[in-house]
Amino acid sequence: MPTLTITPPSDYLLARDACSYGYFLLAPNHWRVETGRFETAMLLPGGAVAVRVMQVLKGGGRAKPGAALRVWTSRAMDAQDRARCRARLVRSLRLDEPSSVIAAFHVLDPRWKPTGRGRLMRSGTLFEDMVRTVTSCNVAWPNTVNMNRQLCRHYGLSACDVRQAGAWPEGFDHPFPAASRVARLRPGNLRGRCRVGYRDVRLVELARLVVRGAVNEAWLADPATSEDDVRLALLELPGIGPYAAANIMQLLGRYGQIPLDSESVRHGRTVLGMTGSSAQIMKRVDKHFAPFGAHKFRSYWFELWQFYEAKRGPSWTWDRQRTGASFTAAKL
DNA sequence: GGTAGACCTGGACGC
DNA sequence: GCGTCCAGGTCTACC
């Protein structure tokens, strides 16, 4: 079977670090609870490929931080596709974030040092992260799950992809659609098939901007680019408001802002004991986490995550079909 | 600059 | 089974 090996940072634990943000529950991502393996799919220049990642186990059947990642792929790949596949996984699993950054976070907020929490998984591409963010706005989580599933199902594989990939492996979702595919869609078709509602025009416009090269990931992620400039640039994009911009910023590796939403208000009220209107609580939550500076979002997020895990158990035990799809703030 | 209302979907609820 | 209400963030019009 075609395989790759990736050496992760010395603190990296696949189960903990892949299951660290809701996107690990969205198609085509699939954490296999029973085997402790992360599955996904991606479109590469040479065609679609299904991917399964496992961490090499040490004695006792437990993974050791920093142990190698073995990557199975559904087809043999040339050097270019192997490099792209590796780069997608590095981005998605945040393997490009040095252990020293996580250690610095633990110095600032020692609460997470015992568990080692610090990394947040994301998507293989910025376009995916943007679409997922837009599909998470103004809906309950099960709707987000459904929109992403339908996007992969209807637009993940073209006939050409199927020919190139051969028989698509059973049990794997189709890849997330490329921006070039979404850019060619009629908004009405996208709405009808994927149940994205009024987001249809915004998603197609966003894809067209990405295809035209109007979204410069290198510039957005560059530490030399100011937070304000990044935020303003993101707010210019269709479907991206204050919440989405802040969320995309953390997905870009900028953790200094909190995407404030109804979940922030719930957390402020139920966990932090805050009172007042939603707008007042959002401001107070923001202020509460201000001391964590450049790691503000990490401190906020892992507090939320800890709350979820207290209710539902460790995130790597969440089954995508049951726990993952039923997850709504209102039911917590 | 601040605010009200429309935009869609799917779940909850009442009948 | 049907109709109504509600939650959710963004966008536009209006003050």
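Residues numbered from 1 in each chain as written. Chains lettered and ligands numbered in written order. Predicted model: local features only at pLDDT ≥ 70, side-chain atom pairs only at ≥ 80, totals over all residues. Heavy atoms only, no water.

**A few points about the sheet that holds strand β3 (residues 37-44)**
Part 1 of the reasoning: Strand order in the open sheet made by the five strands is β1-β5-β4-β3-β2, with antiparallel pairing throughout. Here the strands that pair on one side only, and so sit at the sheet edges, are β1 (3-6) and β2 (30-32). Each neighbouring strand pair of the sheet contributes to a mean axis angle of 25°, computed without reference to strand direction.
Part 2 of the reasoning: As judged from the seven bridges shared by β3 and strand β4 (residues 47-55), these two strands associate in the antiparallel manner. Counted as the bridge partner of leucine 43 is alanine 48 from β4.
Part 3 of the reasoning: Where helix α2 (residues 79-93) meets the sheet, it contacts β1, β3, β4 and β5 (69-73), and its direction lies at approximately 130° from that of β3. (Pairing = 2+ DSSP bridges. Helix = DSSP H or I, 4+ residues; strand = E, 2+ residues; numbered from the N terminus. Axes fitted to C-alpha atoms, helices over the stretch in contact; angles between N-to-C directions. Contact = heavy atoms within 4.5 Å.)

**Overview of the protein's contact with DNA strand B**
Part 1 of the reasoning: Taken together, seven residues sit near DNA strand B, with Asn143, Arg191, Arg195, Gly197 and Tyr198 positioned nearest.
Part 2 of the reasoning: Counted by atom, the contact set of DNA strand B within 4 Å of the protein is 91% sugar and phosphate.
Part 3 of the reasoning: A distance of 3.4 Å is found between a sugar or linking oxygen of DNA strand B and a side-chain nitrogen or oxygen belonging to asparagine 143.
Part 4 of the reasoning: In the environment of DNA strand B, a phosphate oxygen lies 2.7 Å from a nitrogen or oxygen atom belonging to the side chain of arginine 191.
Part 5 of the reasoning: Among the residues making up the surface near DNA strand B, the classes are represented as one nonpolar, three polar and three charged. (Near = heavy atom within 4 Å. Polar contact = N/O pair within 3.5 Å; in protein donor to acceptor, adjacent residues only side chain to side chain. Nonpolar A, V, L, I, M, F, W, Y, C, P; charged D, E, K, R; others polar.)

**Things to note about unusual backbone geometry**
Part 1 of the reasoning: Residue proline 28 is bonded to the preceding alanine 27 through a cis peptide linkage, with omega at 5°.
Part 2 of the reasoning: Structurally, the position occupied by proline 28 is in the loop between α1 (14-18) and β2.
Part 3 of the reasoning: At arginine 94, a position not held by glycine, the phi torsion is positive, near 60°.
Part 4 of the reasoning: On the secondary structure map, arginine 94 appears in the loop between α2 and α3 (99-108).

**Re the protein's contact with DNA strand C**
Part 1 of the reasoning: Residues in close proximity to DNA strand C total 15 residues, the closest being Asn138, Gly239, Ala244, Asp261 and Ser262.
Part 2 of the reasoning: The contact atoms of DNA strand C, taken as those within 4 Å of the protein, divide so that sugar and phosphate hold 60%.
Part 3 of the reasoning: Between a base nitrogen of DNA strand C and a side-chain N or O atom of tyrosine 198, the distance comes to 3.1 Å.
Part 4 of the reasoning: In this structure, isoleucine 240 approaches DNA strand C through a main-chain N or O atom, which is 3.2 Å from a phosphate oxygen.
Part 5 of the reasoning: It is helix α12 (residues 242-251) that provides the largest number of residues to the surface near DNA strand C, a total of three residues.
Part 6 of the reasoning: Its residues assigned to classes, the surface near DNA strand C comprises nine nonpolar, four polar and two charged.

**A word on the domain arrangement of chain A**
Part 1 of the reasoning: The domain architecture assigned to chain A consists of domain 1 (3-254) and domain 2 (255-316).
Part 2 of the reasoning: Computed from C-alpha coordinates alone, the two centres of domain 1 and domain 2 are separated by 23 Å.
Part 3 of the reasoning: Listed as interface residues are 32 residues of domain 1 and, on the opposing side, 21 residues of domain 2.
Part 4 of the reasoning: Our count for the contact surface shared by domain 1 and domain 2 stands at three salt bridges.
Part 5 of the reasoning: Across the salt bridge formed by glutamate 97 and arginine 298, the nearest N and O atoms sit 3.1 Å from each other.
Part 6 of the reasoning: For the pair domain 1 and domain 2, the interface holds 12 residue pairs in polar contact (both at pLDDT 80 or more).
Part 7 of the reasoning: Of all the elements in the fold, those that place two or more residues in the side of domain 1 that touches domain 2 are α1, α3, α11 (227-235) and α12.
Part 8 of the reasoning: Among the residues making up the side of domain 1 that touches domain 2, the classes are represented as 16 nonpolar, six polar and 10 charged. (Domains from an automatic or database assignment. Salt bridge = Lys/Arg side-chain N within 4 Å of Asp/Glu carboxyl O.)

**Notes on the environment of serine 262**
Part 1 of the reasoning: Summarising the element assignment, serine 262 is placed in helix α13 (residues 262-270).
Part 2 of the reasoning: For serine 262 and glycine 66, which are 196 residues apart along the polypeptide, the C-alpha to C-alpha distance reads 36 Å.

**Description of the pattern of salt bridges**
Part 1 of the reasoning: Counted by the stated rule, this structure contains 19 salt bridges.
Part 2 of the reasoning: With a shortest N-O distance of 3.0 Å, arginine 91 and glutamate 217 are connected by a salt bridge. Within this pair, whereas arginine 91 is found in helix α2, its partner glutamate 217 is found in helix α10 (residues 217-221), the two being separated by 126 residues in sequence.
Part 3 of the reasoning: We classify glutamate 217 as partly exposed; its relative accessible area is 31%.
Part 4 of the reasoning: With a shortest N-O distance of 2.9 Å, arginine 191 and aspartate 200 are connected by a salt bridge.
Part 5 of the reasoning: With a relative accessible area of 38%, arginine 191 lands in the partly exposed category.
Part 6 of the reasoning: Accessibility expressed as a relative area gives 5% for aspartate 200, which makes it buried. (Buried < 20%, exposed > 50% of the residue type's maximum accessible area, 1.4 Å probe, protein only.)

**Remarks on the packing of α11 against α12**
Part 1 of the reasoning: The geometry of α11 relative to α12 is characterised by a closest axis approach of 9 Å and an angle of 125° between their N-to-C directions. Our classification of the angle between α11 and α12 gives oblique. Handedness of the crossing formed by α11 with α12: right-handed. Where α11 abuts α12, its residues Glu227, Val230, Arg231, Leu234 and Leu235 lie against Pro242, Ala245, Ile248 and Met249. (Parallel < 35°, antiparallel > 145°, perpendicular 65-115°, else oblique. Left-handed = near helix turned anticlockwise from the far one by under 90°.)

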